[in-house]
Amino acid sequence: MRLSECLNSSDITTLRNIANAYAFDCSKSSKNALMQAIITHFQNRTFIAGTLDGLKEKEQTYRETISQLMLDSRREFSREEVLAMVRRTIQPKKEGHDQKWMNRLLSDGWLYRLNSKGGRQFYFIPEDLRRTIRECLGQSLKQQVQVAAQTPIVYRDENLALVRDTGVFLHYIGRHDTRITKDGTLMKRQQQEVFSLLEIKEEPLGKVSWRFGYGRRFHEYPDRFALIYDYCYARELIQETVEGQLILGPQAVSWQETGEKERAADLFRYWRLLYRRPIPQLRLCVNLLANAAKDDWVYAASVNALLAPYVKDYYYDKAPLVMELRIYNMLVHQGLLAHGQLADGSAVLKVTPLGRELLLQEEVIAEEVESPVEEALRVPLILQPNFDLLVPIEGAERLAWELEEVTDLIRVDTMRVHRITKSSIARCLDSGWTAETVLDFLREETGDMVPGNVERMIQQWESEFKRVQLQRALIVNCQDASIATDLKVMPEIAPYYRADLSETQFVIAERGARPLQDILRRMGYQADLH
Amino acid sequence: MTIPKPLIVQSDGTLLVETAHPVYPELRDQLVRFAELLKSPDHFHTYRLSRISLWNAAANGCTPELVLTLLHAHSRYALPLHLQQLVLAEMNKYGSLQLVSGTDCHVLQGDRALLEAIRQLPGVKEHLQGRKRTLLEVKERSRGPLKRLLAQHGYPVQDLVGYLEGEPLSLELRTKTRAGHALLLRPYQREAVRAFHAEGSGVVVLPCGAGKTVVGIAAMAQAKTHTLVLTPNIVAARQWRRELLDKTDLDESLVGEYTAEQKEIKPVTITTYQMLTYASGGSKSKTNKTYPHFERLNRERWGLIVYDEVHLLPAPIFRLTADVQSTRRLGLTATLVREDGAESDVFSLIGPKKFDVPWKEMEQGGYIAPTTCYEVTVSMAHDWRVKYIEATQRQKYRIASENPRKLDALQALLRRHEHDRVLIIGQYLEQLQTVGELLRAPVLTGKTPTPERERLFELFRHGELRVLVVSKVANIAIDLPDANVAIQLSGAFGSRQEEAQRIGRLLRPKRDGGESHFYTVVTRDTIDREMGNRRQLFLTEQGYAYRVLDAEDLDKPPEVHPV
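Values in this document were obtained by computation on a predicted structure and should not be read as measured data.

How each quantity is defined
Residue numbers here run from 1 along each chain, matching the order of that chain's written sequence. All chains are assigned letters beginning with A, and all ligands numbers beginning with 1, in the order in which they are written. Where totals are concerned, whole chains, interfaces and linings use all residues; where local detail is concerned, this predicted model gives features only for residues with pLDDT of at least 70, and gives and counts side-chain atom pairs only at 80 or more. Heavy atoms throughout the structure, all of them, feed into the side-chain values; hydrogens and water do not. For helices the rule is a DSSP run of H or I covering at least 4 residues; for strands it is a run of E covering at least 2, with both sets numbered from the N terminus onward. A simple rule labels every residue: compare its accessible area, found with a 1.4 Å probe on the protein chains alone, to the largest value its type can have, and call it buried under 20%, exposed over 50%, or partly exposed in between. Residue contacts are counted whenever heavy atoms from the two residues lie within 4.5 Å of one another. What sets the accessible areas is the Shrake-Rupley method with a 1.4 Å probe; for residues, cover comes only from the shown protein chains. Either an automatic procedure or a domain database provided the assignment from which the domain bounds are taken. All axes are obtained by fitting lines to C-alpha atoms, using only the stretch in contact for helices, and the reported angles, taken between N-to-C directions, cover 0 to 180 degrees. Oblique is the label for every angle not falling under 35 degrees (roughly parallel), over 145 degrees (roughly antiparallel), or within 65 to 115 degrees (roughly perpendicular). Handedness of each helix crossing follows the sense of rotation of the near helix against the far helix: counterclockwise by less than a right angle gives left-handed, clockwise gives right-handed. Classification convention: Asp, Glu, Lys, Arg as charged; Ala, Val, Leu, Ile, Met, Phe, Trp, Tyr, Cys, Pro as nonpolar; all other residues, Gly among them, as polar. UniProt positions are given in the numbering used here, feature names are shortened, and annotations may be inferred rather than shown by experiment. As a working definition, buried area equals the accessible area (1.4 Å probe) given up by two parts on being put together, with both sides summed. By definition, a salt bridge exists where a carboxyl oxygen of Asp or Glu is found within 4 Å of a side-chain nitrogen of Lys or Arg. Counting of polar contacts relies on pairs of N or O atoms within 3.5 Å, with two restrictions inside protein: one atom must be capable of donating a hydrogen and the other of accepting it, and residues adjacent in sequence are counted only when both atoms are side-chain atoms. Any two strands are treated as partners once DSSP identifies two or more bridges connecting them. Computed over the protein atoms alone on a 1 Å grid, cavities are sets of points where a 1.4 Å probe fits but cannot get out and pockets are open sets with protein on both sides within 12 Å along at least five of seven lines; a residue lines them when it has an atom within 4 Å of a point. Grid points are joined across faces, edges and corners, and a volume is the space filled by probe spheres set on the points. Stacked, tilted and edge-to-face are the three classes applied to pairs of Phe, Tyr and Trp rings, where Trp contributes its six-membered ring and a pair requires centres within 6.5 Å; stacked means planes under 30 degrees apart, edge-to-face means over 60, and tilted covers the rest. To form a nonpolar core, buried Ala, Val, Leu, Ile, Met, Phe, Trp, Tyr and Cys residues must be joined to one another through side-chain atoms within 4.5 Å.

Asks: Help me get a handle on the overall build of chain B, residues and values and all.
Replies: On a plain count of helices and strands, chain B comes out with 21 helices and 23 strands. The 563 residues of chain B split such that 58% are buried. The contacts in chain B between residues at least 6 apart in sequence include a share of 71% that link residues at least 24 apart. Approximately 24000 Å² of chain B is accessible, and the part contributed by carbon and sulfur atoms is 50%.

Structure (structure tokens):
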């Protein structure tokens, strides 16, 4: 809602209060004149900045409340939410002080109480006013942090890796019999297996003394995976059974079908809720950080100083560590923040494009949306002479079925590393591929760059497998030749008939056992298998 | 659509580069500065970024900014974070520890916390003296051992102590060899000598046949001082002597050979690794062990020590090299990759890498003859097959290797190459003897006395002998310039180093620039063939064309393959 709408929907007393608070020179009895005066002033950045600066000296805490309110991303607040915010920032706490300060926010024109359609009261901040104030605050936040003169030489933007890895984890559970211990932890071996498939590497936890507070399974798993696991559990993407099995939950399928960005946003909301218990001011911290580091690389040390008033020690974690590990690192894992190092080794931070979108609700600039999926699809796979097939992570989905048939997944690094082995080829030949179809697939996907030795080897394996083939079969032993002849030609049996051994003996495929038994039983013969 | 970027950086330090990419030629020249070329098959080359390769880069003036900016710019996917941190950390390490001379000792300088950490490392204490807190006083004789130890712990030391001057020696390169050929250093050889000379000690990496010996000789001509040359064996030592006399103005009386056969010490002395590591006195009690030949040679005032074939340097040599750190050292090698992983010893004791050219590039420059590799598969007679199946796993390889039908294939191959000079290589002496008798060709084994060996080489070199049968001895540093066909009947159980050596034999530049051929004869459907598959992989990764032929088809006219 815009300022003009808010003012329009307010009564004249409210407007008069605002005009009085700033001693505007205008007619106090004309609603129109009041609105004009307020709008003219509030649209003026210098006026807003001056007003905020005026508070800096004496009323720092009040200014704090305003900035928290403005940095918050919610569009509307309930009365309780506003009061809670006031209580968090303004000391000392006296009976009814929250109500008093809220009234001040209303009479200063920062907040508007309006009736929503259902007749309930809601508190609004006008969108345009909020934007102006944010810009002012952003300016002043930026003056509080130190901007790096150079760009870092070490940096990583994890982008949507967390969402992708969550998908990989679900895929793993879908494909494997995944066991958990009595305490509910994944077996160490399976942990290692899962971790090796994730884009961002973590080691299973070793011995740790204290570890709690950041989630249900936080004490069992390293930070990033703990978040993935808890998220999956909370959103019912996975379930722990009483029998000690980990299986896909009822929501897994619909989750996979939502867009990547939506999933990322949902993960972010979940994280912010989860980590709020140990870091009560998390929402504010993230907002401050996002605004301070949205345009430039800023020194992490200066961000630490900015956040220091809002981050307390948490039992075993000292405050700087809470910022580093629990806030910055987790934001980095979510692809919202990039963490870098300058040549001299000092750490710097910057909000990523995804971060701007999610944390600051900014529309992404058109050029940044370069249809990544389309692009990824066309990046060819790389087949190396040592039989490793490297698959771009973003294009893997499309080829999932073929890759599963023809290769074994070894590990996930910058690309997914699949390997063609004798046994993987044996497997796919078994399910109907031929050396030629395998090679066609590989040529097609690698842009015709199949090393000669791999090509020869696959052909060699095929000829090896064909040389001797063992098949399961059933020998049917009949008392006389006429029974044998009759059985062989029955329409239910004929498809499985393979060869005669003698007049009274013939061979059928193993799959033919069931139909044959049915027929024999129907005819009243003995049909047990010996 | 834009083409994807050429570089794929994996978190283990493996870099894959697409060779067909338009920026590849420039990129390659940048990559070799901080990564080792590991594999060069057709479409993607593999480089490896390691601690040592990063130290080498830093030692040559490369900065982490440069490396990371390059990687960021050309990488197809986001760079793994910890790899970026590795680059920064390891490259910053070089130069953070400096060894300089002090009074009656050497001094290790560096950041105080770093020195403190070093003081705590196991084994460091015995190399230190004095009690100063702000710097470490290092015993003079610990210069080498400490550098080696610290490198193994992950700390490269920049050695600024300097060198002792050796006795001067007048030595010039000829412009025309004694044999009458024009002698002109190739551009990369000149560059290698310059790179080495610019700064102290170091290793020059050049492929087999690229003229490493010439680089060594040119470096000697620049240093003009008494020089000790270490070679892998006596044949190589003689080869060095011949080359020295051929290409420089040195008088014969100034070049000595210090070997089991004659022990001369001259201004230029050539010896073997074996001589140096010969130990006497209490082979059981390690403490009393002395190295008489090493000590004898160490008494001379050498101004330069040349290590030929550094990748073959036996481990004890490192220990001895640690004691000669005050002499300039030049290492020559085809590869820094060592089977035993002693790369950090090479770095700390001989010196950082000074020069490197990828093999393929040499070949394109026409300095190496193109080689085509073939695998010839032969069948096995029924009785041998039975024998093979019943044999234990260990015997199987030998039985398959000695399959008599390989001899038929061999003869067919010789018919194909009637006008070429052919080397037949094998692992098993009996098999080689049979071949020798069959072809009426001389057989060279480890037992052949050196003079006889040299005589045969000489005959082969001059073309009076067309076919030579050799056992493993041919694998090390001997020069057979005119062999253009090699046929391997049996090989050791698949060492990649050995393979490189054999191919190296063929890579010597031919005067006529003709193509050379490397055949491996293997028995179908046996472990011999499986080994062949590993070889195929290795050679493909080295960038060679590789073809598979059936022995039955050998008598047909050879197909024409476009090169």
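That shown, we press on.
Asks: Quick rundown of the domain arrangement of chain A? Include the residues and the values.
Replies: Structurally, chain A comprises domain 1 (3-144), domain 2 (145-363), domain 3 (382-464) and domain 4 (473-523). Here domain 2 of chain A and domain 4 of chain A have C-alpha centroids that lie 62 Å from each other.

Asks: Can you break down the packing of helix α3 (residues 64-74) of chain B against helix α4 (residues 81-93) of chain B residue by residue, with the values?
Replies: Residues and elements named next belong to chain B. Between α3 and α4, the least distance of the axes is 9 Å, while the angle of their chain directions is 160°. One element, α3, and the other, α4, form an angle in the roughly antiparallel class. Of the two possible hands of crossing, α3 and α4 adopt the one that is right-handed. Here α3 contributes P64, V67, L68 and H72 to the contact with α4, which in turn contributes Q84, V87, L88, M91 and N92. Here the residues of the contact of α3 with α4 are counted per class, giving six nonpolar, three polar and no charged.

Asks: Outline the UniProt feature "domain: Helicase XPB/Ssl2 N-terminal" (unreviewed entry) in chain A, supporting the account with residue identities and numerical values.
Replies: Mapped onto this numbering, the UniProt entry gives "domain: Helicase XPB/Ssl2 N-terminal" (unreviewed entry) at residues 381-495 of chain A. The span residues 381-495 of chain A shows a helical share of 50% and a strand share of 17%, and its end C-alpha atoms are spaced 41 Å apart.

Asks: Run through the domain arrangement of chain B, naming residues and quoting values.
Replies: Residues and elements named next belong to chain B. Here chain B is partitioned into domain 1 (7-93), domain 2 (98-159), domain 3 (187-357) and domain 4 (363-553). The C-alpha-based centres of domain 2 and domain 3 are spaced at 27 Å. Contact with domain 2, which involves nine residues of that partner, is made by 12 residues of domain 3. Between domain 2 and domain 3, the buried area comes to about 800 Å², and carbon and sulfur atoms account for 53% of it. Ranking the residues of domain 2 by area buried against domain 3 places R143, K147 and R148 at the top, with a combined share of 55%.

Asks: Requested: an account of the interface of chain A and chain B, with residues and values cited.
Replies: As a measure of interface size, the accessible area lost when the parts come together is often cited. With 30 residues of chain A in contact, the opposing surface of chain B contributes 38 residues. Here chain A and chain B share zero salt bridges between them. At the junction of chain A and chain B, the tally comes to seven residue pairs in polar contact (both at pLDDT 80 or more). Every element with two or more residues in the side of chain A that touches chain B is listed here: β4 (154-156), α18 (372-378) and α22 (452-467) of chain A.

Asks: Any details on the sheet that holds strand β10 (residues 347-351) of chain A? Residues and values, ideally.
Replies: The strands making up a sheet are joined through hydrogen bonds of the backbone, oriented either antiparallel or parallel. Residue and element names in this part refer to chain A. Here we have four strands laid out as an open sheet, ordered β4-β9-β10-β8, and antiparallel in their pairing. Edge positions in the sheet fall to β4 and β8 (298-299), since each has one partner strand and no second. Relative to β10, strand β9 (residues 337-341) is paired through five bridges, and the arrangement is antiparallel. Note that in β10 the partner of A338 across the bridge is K350. Contacting β9 and β10, helix α16 (residues 319-333) crosses the sheet at an angle of about 110° to β9.

Asks: Requested: an account of empty space enclosed by the protein, with residues and values cited.
Replies: Left-over empty space is what a probe sized like a water molecule reveals as it rolls over the atoms. A complete count under the given rule lists three cavities of 30 Å³ or more for this structure. Around the largest cavity sit 13 residues that line it, and L228, L276, F294, I305 and V324 of chain B are the ones nearest its centre. Among the secondary structure elements, those contributing two or more residues to the lining of the largest cavity are β11 (227-231), α11 (292-298), β14 (304-307) and α12 (315-321) of chain B. Counted by class, the lining of the largest cavity contains 11 nonpolar, two polar and no charged residues. Quantified by volume, the second largest cavity comes out at close to 50 Å³. Around the second largest cavity, the lining residues are N159, L160, L162, V163, A264, L267, Q334 and L336 of chain A. At the level of elements, α9 (161-175) and α13 (260-274) of chain A are the ones that each hand at least two residues to the lining of the second largest cavity.

Asks: Account for the packing of aromatic side chains, naming residues and giving values.
Replies: All names here are of chain A. This structure, assessed with the given rule, holds 35 aromatic pairs over all chains. Between F169 and F225, the ring centres sit 5.0 Å apart and the planes meet at 80°, which makes this aromatic pair edge-to-face. Pair noted here: F169 is in helix α9 and F225 is in helix α11 (residues 223-234), with a separation of 56 residues, a long-range link. Of the residues examined, F169 reaches a relative accessible area of 0% and is grouped as buried. Under the relative-accessibility criterion, F225 is labelled buried at 0%. Taken together, a centroid distance of 5.5 Å and an interplanar angle of 65° make the contact between Y214 and Y314 edge-to-face. In this pair, Y214 is assigned in the loop between α10 (188-197) and α11 and Y314 in the loop between α15 (300-307) and α16, connecting sequence segments 100 residues apart. Assessed through its relative accessible area of 1%, Y214 is described here as buried.

Asks: So what's going on with the nonpolar core? Which residues, and what values?
Replies: Nonpolar side chains tend toward joint burial in soluble globular proteins. Within the largest apolar cluster, 119 residues are counted, with the highest numbers of intra-cluster contacts made by F42, W110, F169 and F225 of chain A. There are two domains that each give this core at least three residues, and those are domain 1 (3-144) and domain 2 (145-363) of chain A. Beyond its immediate sequence surroundings of up to four residues, F225 of chain A is in contact with F169, L186, V194, F195, L198 and E202 of chain A. Counting residues in hydrophobic clusters, the runner-up holds 33 residues, among them L7, V32, A57 and V87 of chain B.

Asks: I'd love a proper account of the packing of α22 of chain A against helix α21 (residues 527-541) of chain B, names of residues and values included.
Replies: For the pair α22 of chain A and α21 of chain B, the least separation of the axes is 10 Å and the interaxial angle reads 160°. By the angle class used here, α22 of chain A and α21 of chain B are roughly antiparallel. α22 of chain A and α21 of chain B meet at a crossing whose hand is left-handed. Facing α22 of chain A, whose interface residues are N453, R456, M457 and Q460 of chain A, α21 of chain B presents R529, N533, Q536, L537 and T540 of chain B. Here the contact of α22 of chain A with α21 of chain B is composed, by residue class, of two nonpolar, five polar and two charged.

Asks: So what about the pattern of salt bridges? Which residues, and what values?
Replies: All names here are of chain A. A complete count under the given rule lists 62 salt bridges over all chains for this structure. For R235, the salt bridge goes to D266, with nearest N and O atoms at 2.8 Å. Of the two residues, R235 sits in the loop between α11 and β6 (238-240) while D266 sits in helix α13, which places them 31 residues apart along the sequence. Among the charged side chains, a network of salt bridges with common partners joins D72, R74, E81 and R283.

Asks: Can you explain the pairing of strand β14 (residues 416-419) of chain A? Please cite residues and give values.
Replies: Residue and element names in this part refer to chain A. When strand β12 (residues 388-391) meets β14, the two strands line up antiparallel, connected through four bridges. Its bridge partner being in β14, V391 is matched across the sheet by R416. Where strand β13 (residues 408-412) and β14 come together, four bridges link them in antiparallel fashion. Following the sheet pairing, R411 is matched in β14 by V417. What sits between the antiparallel neighbours β13 and β14 is a turn of three residues.

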